[in-house]
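# Structural overview for review
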Number of protein chains: 2
Amino acid sequence: MKLGRMNHLGYAVPSIEAAISHYRDVMGATDIEEPFDLPEQGVKVCFVNTPTDSGMNGTQIELIEPFDATSPINNFLEKNPQGGQHHVCFEVPDIATAREEFEAMGKRILGPTRIGAHGTPIFFVHPKDMQGMLTEIMETPKGDH
Amino acid sequence: MKLGRMNHLGYAVPSIEAAISHYRDVMGATDIEEPFDLPEQGVKVCFVNTPTDSGMNGTQIELIEPFDATSPINNFLEKNPQGGQHHVCFEVPDIATAREEFEAMGKRILGPTRIGAHGTPIFFVHPKDMQGMLTEIMETPKGDH
């Protein structure tokens, strides 16, 4: 595959509300989106936009909080009760091609391709096949260029 | 403080050589810098550059491998033997001002301000005061705009 833009850093937190306060009041973020639920992924989500030199969209921080007791990030938060870096997401132009490429390399893909927090198809690759990093591959949103 | 550019994602790995192969051969990175030693920080470093929509510099992946047995990342790698996300780094225009602001907020800063991997002053803020995320604050390199 060809490495695309680093879309976001996924950051699991026990409370999105507290994390928003942190990014706003401590880190000085001025562009924080509205939180929303993504129940099919088991998370609540909030994007913090970061600035760039060019004014283009920078790598986002994706705050994720468990949606309920079955959330896939509950285990992570048990091990990291304060929160912590959970995954990193890179864009690709075509999700089906990327999936075929990872499968051909024998990388374990976690579940089916599904719609992610940006409304485009995504899949996750197992951290044990990715040098310890849970990696999300995401199709670039159309009209984002 | 005012949130600046997300400069890099710090990623501790047991072997920079293996991680470079991963980013080149699996992830398709085409712009990987030469690794170098940063003995005063106890790490070997290699920057993987990621593309952006605009062609400007994207958030980098900073691969860090222990320089020796006293490296501050040895403990992290004992807990995460495959490697893992270690810290995140944001830019500020002036490091002294940022340090004063974090100190005024009562955030624990880890050691003195020192020269980081980009040749500009940096400091780290304790993850327990930063919602679980080890945070590096880095002065933007001059001439980088």
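Residue positions within a chain follow its written sequence, with the count starting from 1. Naming scheme: in the order in which they are written, chains are lettered from A and ligands are numbered from 1. Given that the model is predicted, a residue must reach a pLDDT of at least 70 before its local features are reported, and side-chain atom pairs must reach 80 or more before they are shown or counted; all residues, however, enter totals for whole chains, interfaces and linings. The side-chain numbers reported here are obtained from all heavy atoms of the structure, hydrogens and water having been left aside.

## Some words on the environment of Asp31(A)
Residues and elements named next belong to chain A. Counting from the N terminus, the helices are DSSP H or I runs at least four residues long and the strands are E runs at least two residues long. Within the fold, Asp31 resides in the loop between helix 1 (16-26) and strand 2 (36-38). Only protein chains enter the accessibility calculation, which uses a 1.4 Å probe. A residue is then buried if its area is under 20% of the maximum for its type, exposed if over 50%, and partly exposed in between. We classify Asp31 as partly exposed; its relative accessible area is 40%. In this structure, the C-alpha to C-alpha distance between Asp31 and Thr50, residues 19 residues apart in sequence, is 7.3 Å. Whether two residues are in contact is decided by their heavy atoms: any pair within 4.5 Å suffices. The residues contacting Asp31, other than those within four sequence positions of it, are Phe47, Val48 and Asn49.

## Structural notes on the pattern of salt bridges
Residues and elements named next belong to chain B. Salt bridges are identified by distance alone: a Lys or Arg side-chain nitrogen within 4 Å of an Asp or Glu carboxyl oxygen. Applying the stated rule across the entire model yields 12 salt bridges over all chains. Measuring nitrogen to oxygen at the nearest pair gives 3.3 Å for the salt bridge that ties Lys44 to Glu65. Linking Lys44 in strand 3 (residues 43-48) with Glu65 in strand 4 (residues 60-66), this pair joins segments that are 21 residues apart in sequence. Exposure remark for Lys44: the relative accessible area of 28% places this residue in the partly exposed category.

## Looking at the UniProt feature "domain: VOC" (unreviewed entry) in chain A
When the UniProt feature table is mapped onto this chain, "domain: VOC" (unreviewed entry) is found at residues 5-140 of chain A. As annotated, residues 5-140 of chain A has a helix share of 20% and a strand share of 36%, and its two end C-alpha atoms lie 9 Å apart. UniProt positions are given in the numbering used here, feature names are shortened, and annotations may be inferred rather than shown by experiment.

## Comments concerning the pairing of strand 6 (residues 109-115) of chain B
Residue and element names in this part refer to chain B. DSSP-based pairing: two strands are paired if at least 2 bridges between them are found. Relative to strand 7 (residues 121-125), strand 6 runs antiparallel, the two sharing 4 bridges. Residue pairing for strand 7: Ile109 is matched across the bridge by Val125. Following strand 6, the chain reverses through 5 residues before pairing antiparallel with strand 7; Gly119 in that reversal takes a positive phi of roughly 80°.

## As for the environment of Thr135(A)
You can see Thr135(A) is positioned in strand 8 (residues 135-139). Residues Thr135(A) and Leu110(A), 25 residues apart in the sequence, show an inter-C-alpha distance of 10 Å. Leaving out residues up to four positions away in the same chain, Thr135(A) has contacts with Val88(A), Phe90(A), Phe123(A), Phe124(A), Val125(A), Met130(A) and Met27(B). Any pair of nitrogen or oxygen atoms within 3.5 Å is treated as a polar contact; in protein, a donor-acceptor pairing is required on top of that, and neighbouring residues in sequence qualify only through side-chain atoms on both sides. For Thr135(A), the side chain forms a polar contact with the main-chain oxygen of Met133(A), separated by 2.8 Å.

## Re the sheet that holds strand 1 (residues 6-12) of chain B
Residues and elements named next belong to chain B. Here 8 strands make up an open sheet; going across it, the order is 2-3-4-1-5-8-7-6 and the pairing mixed. The outermost strands of the open sheet, each flanked by one partner alone, are strand 2 (36-38) and strand 6. The average angle at which neighbouring strand axes cross in this sheet is 25°, direction not considered. Alignment of strand 3 against strand 4, held across 6 bridges, turns out to be antiparallel. Pairing of Val45 across the sheet is with Ile64, part of strand 4. Axis lines are fitted through C-alpha atoms, for helices just across the contact stretch, and the angle between N-to-C directions can take any value from 0 to 180 degrees.

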